[in-house]
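Overview (structure and organization)
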Amino acid sequence: MIKRSRLFGNKTRVTFCLPVNQPAGPVSVVGTFNGWEPGRHELKPRRDGTRTVSVTVTPGSYQFRYLATDGHWFDDENADAFGPHGGELRV
């Protein structure tokens, strides 16, 4: 699930959400908004059985994917579109 929250000015908080145990192990969201840097935005467990991480972005189009243990890359089915570099987020 991807949730967007408008902030002051032209910024938007985007929250990425996955089930706490699927896939097992640490998962990061990586993309053009963080220089494709693994581990920079690692999803953290919540009491409701999910894990989330939020990033703040300005208007634009961003490519992203999730990176799990053992180099397992996967896409979010809730992305706005899909391209050669995974999911697309349009803010």
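Scroll up for the structure.
As the structure is a prediction and not an experimental result, all values here were calculated from the model.

1. Looking at the packing of aromatic side chains
Taken as a whole and assessed by the stated rule, the structure comprises six aromatic pairs. Each ring, one from Tyr 66 and one from Phe 74, has its centre 5.1 Å from the other, and the planes form 25°; the classification is stacked. Residue Tyr 66 is classed as buried on the basis of its relative accessible area of 0%. Ring-pair connections join several aromatic residues into one group, and the members of that group are Phe 16, Phe 33, Tyr 62, Phe 64, Tyr 66 and Phe 74.

2. Some points on the nonpolar core
The biggest cluster of nonpolar side chains holds 18 residues, and the ones touching the most others in it are Phe 16, Val 29, Phe 33, Phe 64 and Tyr 66. Going through the elements one at a time, strand 2 (12-19), strand 3 (27-31), strand 5 (50-57) and strand 6 (61-68) are the ones with two or more residues in this core. When sequence neighbours within four positions are dropped, the list of residues in contact with Phe 33 reads Phe 16, His 41, Val 55, Val 57, Tyr 62, Gln 63 and Phe 64.

Calculation rules
Residues numbered from 1 in each chain as written. Predicted model: local features only at pLDDT ≥ 70, side-chain atom pairs only at ≥ 80, totals over all residues. Heavy atoms only, no water. Phe/Tyr/Trp six-rings, centres within 6.5 Å; stacked < 30°, edge-to-face > 60°. Buried < 20%, exposed > 50% of the residue type's maximum accessible area, 1.4 Å probe, protein only. Core = buried A, V, L, I, M, F, W, Y, C linked by side-chain atoms within 4.5 Å. Helix = DSSP H or I, 4+ residues; strand = E, 2+ residues; numbered from the N terminus. Contact = heavy atoms within 4.5 Å.

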